[in-house]
Amino acid sequence: MKEITVLSGKGGVGKSSIAASLAIALSKKHKIVSADCDVDAANLALVLGVREKDFKEWKPISTNEKAVLLPEKCTGCKKCLNSCYFDAISWDSDKNQPVFDRFSCEGCSVCAMVCPEKAIKLHTVDNAKIGYGKTRFGFDVVSGQLEMGESGSGKVVAEVRNLARQVGGDAELMLIDAASGIGCPVIASVVGSSYVIAVTEPTPSGLSDLKRALGVVEHFGIPYGIIINKFDLNPDFTKEIEKFAKENGIEVLAKIAYDKKFVDALINLTPLVVFAKEYEGLFEEIAERIRL
Ligand code: SF4
Ligand code: SF4
């Protein structure tokens, strides 16, 4: 199964709208599965019209271990109290025992090593979930969600991609909607991809964030192209991006003008190519230009 990842250096450039419409365009000629790997702000399923309650299954997963006190073993010696680099340990004077803050604990196990009574254990905790549902376009969307304040988004992305491979079965293509930026979840989405589409907009921050994101893609030697969204809002800067692309041999897959229908489609939980049929041809052309 070839995997196509849609990413953006910064948020708010229309990445998920473009990913959803591209998935539908690809599904007309290929058997596909889609994967929402923006696990801190998952919305691809919603853009494709699949609500959380419509998912067939949600499976809890763990990205981390957390320190847990075995109170019967604790003597109140306080040796653990200042051992935590992450400030996850406070003191309960009434009980004369440490208290562990689940959200601050990174599971490094230093406190457990410090404790002379072996009164601290590391336990895995379910802090994320992955699941899938069927879109009305005939393909499945796989999604993952990390609980608020939790770390380990890269692991959730890896689990989402694994589940998408299982759910997709003999699908030819997986369309991945990655997070914005260049952090851990983006790298976990990009690594092993067959092709990357970077969505940008014509602003100074759009271009600088695009360059950073493309640095990640180039690091892994993955072929890629770019889409300039809302290109008409700043024609001079669009020329800057096109100049940058030309000088670096980067294919501009499409330039898309600003259109309020992008927002209206989102409000109506309908993919753009369904909400505004005139976009069908454009996304079919983009699908054709992807070199796998
Ligand atoms: S496991 Fe590490 S991060 Fe968690 S409370 Fe202990 S020392 Fe702090
Ligand atoms: S180091 Fe161990 S025994 Fe001492 S206060 Fe901490 S948990 Fe209790």
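Conventions used here
Residues numbered from 1 in each chain as written. Chains lettered and ligands numbered in written order. Predicted model: local features only at pLDDT ≥ 70, side-chain atom pairs only at ≥ 80, totals over all residues. Helix = DSSP H or I, 4+ residues; strand = E, 2+ residues; numbered from the N terminus. Contact = placed C-beta atoms within 7 Å. Pairing = 2+ DSSP bridges. Axes fitted to C-alpha atoms, helices over the stretch in contact; angles between N-to-C directions. Expected span 1.5 Å × (residues − 1). Buried ≥ 20, exposed ≤ 12 C-beta atoms within 10 Å, placed from the backbone. Near = placed C-beta within 6 Å. Nonpolar A, V, L, I, M, F, W, Y, C, P; charged D, E, K, R; others polar. Domains from an automatic or database assignment.

### A few points about the overall build of the chain
The number of helices and strands found in the chain is 10 helices and 13 strands. Counting only C-alpha atoms, the chain reaches 70 × 40 × 35 Å along its principal axes. For the chain, long-range pairs separated by at least 24 residues make up 77% of all intrachain contacts whose partners lie at least 6 apart in sequence.

### A few points about the sheet that holds strand β8 (residues 128-134)
Strand order in this open sheet of 9 strands is β3-β8-β9-β2-β10-β1-β11-β12-β13, and the pairing throughout is mixed. Of all the strands in the sheet, just β3 (57-61) and β13 (251-256) have a single pairing partner and so form its edges. For this sheet, the mean inter-axis angle between neighbouring strands, taken without regard to orientation, is 20°. Across the sheet, helix α4 (residues 153-168) lies against β2 (32-36), β3, β8, β9 (140-146) and β10 (173-180), angled at about 160° from β9, the strand it touches most.

### Some details on α4
For α4, which comprises 16 residues, the first-to-last C-alpha distance of 22 Å matches the rise-based estimate of 22 Å (1.5 Å per residue) to within 8%. Within α4 the residues assigned to the buried category are Ser 153, Lys 155, Val 156, Val 157, Glu 159, Val 160, Arg 161, Leu 163, Ala 164, Val 167 and Gly 168. Immediately downstream of α4, the backbone of Gly 169 shows phi near 55°, a positive value.

### Description of the site of ligand 2
Within the structure, ligand 2 sits among 14 residues, and Cys 74, Cys 77, Lys 79, Cys 80 and Cys 115 are positioned closest to it. Classifying every residue of the shell around ligand 2 gives 9 nonpolar, 2 polar and 3 charged.

### Things to note about the domain arrangement of the chain
According to the domain assignment, the chain consists of domain 1 (2-60 + 132-289) and domain 2 (64-125). The C-alpha-based centres of domain 1 and domain 2 are spaced at 41 Å.

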